[in-house]
Amino acid sequence: MTAGMTSRAPTHQRGRSALQRLVPVDAAEFAAQTWARSPLVTRAADLPGGLTDLFGESAVDELVSRRGLRAPFLRVARDGQTLGDREFTQGGGVGATVPDQVSDDKLLRLFAGGATIVLQGLHRTWGPLVDFTQQLADELGHPVQANAYVTPRQSTGFSDHYDVHDVFVLQVGGEKRWRLRPPVHPAPLRDEPWTDRRAEVAQASTAEPALELTLRPGDVLYLPRGWVHSATALGGVSTHLTLGIHVWTRRHLADALMASAIAAVSRDEQVRASLVPSPEGFGHGALATDIELVREALIRALHEVEPDAVTDALETKVRSAQRPSPIGPLAQVAAAEALTGAACLRLRPHVDARLVPSGDGHAVLTSRLPDFDVEPRDVGTIVALVDGGVLRADMVGIDLARRLMLAGLAIPDD
């Protein structure tokens, strides 16, 4: 690696593509023809791999009855309204005196009475979805969350609304009838929820749907943010997964540009100067000269911001929005203590590592974990690790290998 260059972990992972399990076209075609543009319905028959390993109705029962979930990980809705937490939680009893643990008994009564169960944050609580959402996020470059919606027969969980993130809807059990209408506010930002345009959404819901369809087990619907939608369970209980894609937008680039420009103009003594005393307040026109000075300083600063600085700022947000793959602290320490020269190591998945030169031959391994200083003699080894290599511990050096393992950066290659 030469000075000024960086080495970054590849985004590909072992096994089949997560995106290819959701759409019947390759990634390039999906990006060019569908992404952020229009809904896409894919039938189970066109996804031969199936989705049953990701989630099922038995997973719902296990999560609400045996996992000690707390209220943030579960919501309940009835007649289009979200119920208060107290209606489905209670204390955990002796040895687990947490007041807001999910009550399976209360849920039983509510669900039997027609309420919809919403399991939130499954990308943190259900193993197969932890792995799948992390892989999908790597492939798309955008953070992914997972929720499940369990709707009783002939019930509508939520009234017409739009989401501020793209979604993949995976029908797990039962059938659900979806009604889709074009956006009333195209490409809404994360701070522009549908409730800000409640009247427009209500008006849109009176029009004929642009698309009406029934999802059956194994079917997948891709829906860009902003599309107005509602769904009704048909016949029996309907269970579907929603994978929410919290897309990065050009607005994020604008935020990063402005933050860099403001930091730059703050170093300008003229911009830091005090405004003149104004006993009667600042009337219109009183600050015109000051505003123009600041405007010109900001414009100059914006032109001087390097694209790499904006990319680095966005990368910081990208890293904070996702986690590395799960790691078992006890197993990792035991593996590090028992490490032999013949053991093989690889980079921990989804750690988003990048090797950055820091001068005098040294480098820093930046990632979703704390920075790791790299000595000049070890730079080549770390480059190979970050580039997806599998390395023997005796080639890395036992001491360095253990430090990488205890830092959570390297794991045994099973």
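Residues numbered from 1 in each chain as written. Predicted model: local features only at pLDDT ≥ 70, side-chain atom pairs only at ≥ 80, totals over all residues. Heavy atoms only, no water.

1. Some details on the overall build of the protein chain
Point 1. If you tally the helices and strands in the protein chain, you get 14 helices and 18 strands.
Point 2. Each principal axis of the C-alpha distribution contributes one length, and for the protein chain these read about 75 × 70 × 55 Å.
Point 3. When burial is assessed residue by residue, the protein chain has 43% of its 414 residues classed as buried.
Point 4. In the protein chain, the share of contacts with a sequence separation of at least 24, taken over all contacts with a separation of at least 6, comes to 79%. (Helix = DSSP H or I, 4+ residues; strand = E, 2+ residues; numbered from the N terminus. Buried < 20%, exposed > 50% of the residue type's maximum accessible area, 1.4 Å probe, protein only. Contact = heavy atoms within 4.5 Å.)

2. Some words on the environment of A263
Point 1. With respect to the helices, strands and loops of the structure, A263 is situated in helix α7 (residues 250-265).
Point 2. Once the C-alpha coordinates of A263 and L298 are considered, the two residues, 35 residues apart in sequence, prove to be 9.8 Å apart.

3. Regarding the domain arrangement of the protein chain
Point 1. You can read the domains of the protein chain as domain 1 (19-245), domain 2 (250-320) and domain 3 (329-412).
Point 2. Computed from C-alpha coordinates alone, the two centres of domain 1 and domain 2 are separated by 40 Å. (Domains from an automatic or database assignment.)

4. Comments concerning the nonpolar core
Point 1. Counting residues in hydrophobic clusters, the biggest one holds 44 residues, and the most contacted among them are L22, F55, L119, L122, L136 and F168.
Point 2. With five residues, helix α5 (residues 127-140) is the largest single contributor of residues to this core.
Point 3. Here F55 is in contact with V60, L63, L119, L122, W126, L129, A148, V172, T239 and L241, once residues within four sequence places are set aside. (Core = buried A, V, L, I, M, F, W, Y, C linked by side-chain atoms within 4.5 Å.)

5. Here's the deal with the pairing of strand β14 (residues 354-359)
Point 1. Of the pairings in the sheet, the one linking β14 to strand β15 (residues 362-366) comprises five bridges and is antiparallel in character. Paired with V356 across the two strands is V364, which belongs to β15.
Point 2. Once β14 ends, the chain turns through two residues before running back antiparallel as β15, passing D360 with a positive phi of about 55 degrees. (Pairing = 2+ DSSP bridges.)

6. What to know about the side chain of H350
Point 1. Here H350 lies in the loop between β13 (344-347) and β14.
Point 2. A polar atom in the side chain of H350 sits 3.0 Å from the side chain of D138. (Polar contact = N/O pair within 3.5 Å; in protein donor to acceptor, adjacent residues only side chain to side chain.)

7. Some thoughts on unusual backbone geometry
Point 1. In this structure, H350 takes a positive phi of about 60 degrees despite not being glycine.
Point 2. The backbone of D360 shows a phi angle near 55 degrees, a positive value even though the residue is not glycine.
Point 3. Residue placement: D360 occurs in the loop between β14 and β15.

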